[in-house]
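The lines below spell out each chain.
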Amino acid sequence: MVEAVLIDLFSLPANLQNNIHGVLYSMLETIEKCSSIPAPFVYVMCCQRQGGERNGEQESFLPALRNFQSLKKRLEVVRALTTAAALYTIKQRLDEKDLSIIKVILPTLRKDLMKVYIDHLFTAVYQFEFEDLQVASDCKKLQVAEPQSEEQILPTQDVALIRSEIQMYLESLPSLNGELTILRSSLIPDDIFLHGFTTRTGGISYIPTLSSCNLFSSSKRRDPQVVVKENLRRLANAAGFNPETFHRVKIDHANAVCIMGKTEPDSYDGIVTNQKGVTIAAPGADCIPVLFADPVRKACGAAHSGWKGTLLGVSMATVNAMVSEYGCNVKDILVVLGPSVGPCCYKLPHESAKEFHRIDPKCVRLFDSASPYVDIRRATRILLESGGILPENIQDDSVTDQNQNITFCTACHPDKFYSHFRDGTNFGTQIGFISIKD
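In this report, we go over the structure that sits alongside the text. (Residues numbered from 1 in each chain as written. Predicted model: local features only at pLDDT ≥ 70, side-chain atom pairs only at ≥ 80, totals over all residues. Heavy atoms only, no water.)

## Some words on the overall build of the protein
- A count of helical and extended segments in the protein gives 13 helices and 18 strands.
- Taken over 438 residues, the protein has a buried fraction of 53%.
- Of the contacts made within the protein by residues no fewer than 6 positions apart, 70% connect residues no fewer than 24 positions apart.
- For the protein, the computed accessible surface area is about 19,300 Å², with 50% contributed by carbon and sulfur atoms. (Helix = DSSP H or I, 4+ residues; strand = E, 2+ residues; numbered from the N terminus. Buried < 20%, exposed > 50% of the residue type's maximum accessible area, 1.4 Å probe, protein only. Contact = heavy atoms within 4.5 Å. Areas by Shrake-Rupley, 256 points an atom, 1.4 Å probe, with all protein chains shown as cover.)

## A look at the environment of alanine 370
- Tracing the backbone through its elements, the reader meets alanine 370 in the loop between strand S15 (364-365) and strand S16 (373-374).
- Relative accessible area serves as the criterion here: at 64%, alanine 370 is assigned to the exposed category.
- Taking the C-alpha atoms as reference points, alanine 370 and proline 349, 21 residues apart in sequence, are found 6.2 Å from one another.
- Among residues more than four places away in sequence, those in contact with alanine 370 are Leu348, Pro349 and His350.

## Description of the packing of helix H10 (residues 314-326) against helix H12 (residues 376-386)
- At a minimum axis separation of 9 Å, H10 and H12 run at an interaxial angle of 35°. Of the two elements, H10 crosses H12, and the hand of that crossing is right-handed. Listed contacts from H12 to Ser315, Met316 and Val319 of H10 are Thr380, Leu383 and Leu384.
- Residues that form the contact of H10 with H12 fall into these classes: four nonpolar, two polar and no charged. (Axes fitted to C-alpha atoms, helices over the stretch in contact; angles between N-to-C directions. Left-handed = near helix turned anticlockwise from the far one by under 90°. Nonpolar A, V, L, I, M, F, W, Y, C, P; charged D, E, K, R; others polar.)

## Quick word on the sheet that holds strand S2 (residues 41-47)
- Taken in spatial order, the five strands line up as S3-S2-S1-S4-S5 in an open sheet, and their pairing is parallel. Of all the strands in the sheet, just strand S3 (75-80) and strand S5 (127-132) have a single pairing partner and so form its edges. Across the sheet, the axes of successive neighbouring strands diverge by a mean angle of 20°, strand direction being ignored.
- Judged from the five bridges that link them, strand S1 (residues 4-8) and S2 form a sheet pairing that is parallel. In the strand pairing of S2, isoleucine 7 is matched with valine 44.
- Running at roughly 165° to S2, helix H5 (residues 83-96) makes contact with S1, S2, S3 and strand S4 (101-106) of the sheet. (Pairing = 2+ DSSP bridges.)

## Thoughts on the environment of glycine 327
- Looking at the secondary structure, you find glycine 327 in the loop between H10 and strand S14 (334-337).
- Put simply, glycine 327 and arginine 297 are 30 residues apart on the chain and 7.3 Å apart in space, counted from C-alpha to C-alpha.
- Filtering out sequence-adjacent residues up to four positions away, glycine 327 remains in contact with Arg297 and Met322.

## Some remarks on the pattern of salt bridges
- Inspection of the entire model under this criterion finds 18 salt bridges.
- Measuring nitrogen to oxygen at the nearest pair gives 3.1 Å for the salt bridge that ties arginine 93 to glutamate 76. A residue pair is termed long-range when its members are at least 10 positions apart, and arginine 93 in helix H5 and glutamate 76 in strand S3 qualify at 17 residues.
- Under the relative-accessibility criterion, arginine 93 is labelled partly exposed at 21%.
- The partner of lysine 103 in a salt bridge is glutamate 131, with the nearest N and O atoms 3.1 Å apart. Here the residue lysine 103 occupies a position in strand S4, and glutamate 131 occupies one in strand S5, the gap between them amounting to 28 residues.
- In this structure lysine 103 comes out as buried when scored by relative accessible area, which is 2%.
- For glutamate 131, a relative accessible area of 10% translates into the label buried. (Salt bridge = Lys/Arg side-chain N within 4 Å of Asp/Glu carboxyl O.)

## Some details on the side chain of aspartate 8
- Assignment of secondary structure puts aspartate 8 in strand S1.
- Take aspartate 8: its relative accessible area is 0%, and that puts it in the buried class.
- A distance of 2.8 Å separates the side chain of aspartate 8 from the side chain of arginine 110, its partner in a polar contact.
- Among residues more than four places away in sequence, those in contact with aspartate 8 are Met45, Ile105, Leu106, Pro107, Arg110, Met114 and Leu133. (Polar contact = N/O pair within 3.5 Å; in protein donor to acceptor, adjacent residues only side chain to side chain.)

## Structural notes on the pairing of S3
- Among the six residues of S3, five are classified as buried, and the element is accordingly described as predominantly covered.
- Sheet analysis places S2 next to S3, joined by six bridges and oriented parallel. Each residue of the ladder has a partner; that of methionine 45, found in S3, is valine 78.

## Section: the sheet that holds strand S6 (residues 182-183)
- One open sheet accounts for five strands, arranged S6-S7-S18-S11-S8; its pairing is mixed. Of all strands in the sheet, those with a lone pairing partner are S6 and strand S8 (246-248), marking the two edges.
- Two strands pair when backbone bridges link them, and strand S11 (residues 279-284) and strand S18 (residues 430-436) are joined in this way by six bridges, in the antiparallel orientation. Among the inter-strand pairings, isoleucine 280 is bridged to a residue of S18, identified as isoleucine 434.

## Quick word on the nonpolar core
- Judged by nonpolar contacts, the single largest core of 41 residues is most densely connected at Leu87, Tyr88, Val104 and Leu170.
- With seven residues, H5 is the single largest residue contributor to this core.
- Apart from the residues lying within four places of it in its own chain, the contact partners of leucine 87 are Leu6, Met45, Met114, Tyr117, Ile118, Leu121 and Phe122. (Core = buried A, V, L, I, M, F, W, Y, C linked by side-chain atoms within 4.5 Å.)

By themselves, these observations are geometric and do not establish any function.
Here it is as structure tokens:
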């Protein structure tokens, strides 16, 4: 059943917005009569004219609203200067209540326009159906409809204007939960490379498990690409790189490596480059974001190393790509292991833990238990050293409690980092990034 109803009055002229009591009353009457218990939440989206008193304008709707007992505490009028601002505000209300099934009642001519806004501001977590703005005549209209399949027919320039409106609105939002913070390693020379590991503060993502500098969007989470893009823009401004030449690995939890400038694989967990001004990155939300830098050949790499990628040797695959593509000497390559889940928190089923035990028994704690604790960092370190990386060229702060500034346990520090292990499926993501300075 429908969990929320959005009534879009945004495009109506001011005189109609203030004199639509009859139509609004009929719609609300039908919603109340046809709804199951509990009734859906109802959001009325209107244009707030510049200079207008918000409270005064909202009062004009009260005659149509005050008689609906079941909806009284579940109905809100949302006024904003732009459709993007109004719809984003409503999205926040939906997310606060964990609602996903939404009916949109709107003028027919607004449907294609609204679909573009929805495609940009929402993800596949949400299900929308549309109804023309008219008095509903029967209860079936509040049932969940089949997903809409019509193609958008808006001119390209109209879509571009909507994107621009959304971007401008998101850029105007204040940062949440403190300033944007970047962790940097003293092992990587900053006169040659720009690099860092992000934390969770300083972005605009507002959902608790994604707040606030989430840097990854997926169809299973509630943060859309446009929000992640704005978080990345703020990171780029703070760090000093160009977000337009930013490349993130396409995670497959395996060991494929992308060589920048060559044909890009469909998926890969490692990426290398010797191009200046190109920023490459690997995400992590328990998995290790690993950065590689060769100050002699001026080449760099990034890898996403979860437990599967660690066992498949993604870090050494990235090293080998730097050696074969750019003539790097293994003994010159510096490696930094970023924030990731530690053996204090990370458990795997016994069968998977056995693979780490084969690398080194010290990689597993409580080996005889059904779900032993596993140290994917130690395993990564061992595999790198066996491949020729010098121990002193690997930074892994978890080796010692002294001078820890990079390799924190993500699960142990909810104020600083995201953690899939800790937060569940709607988790946020931080990244490790690196580029060669011009």
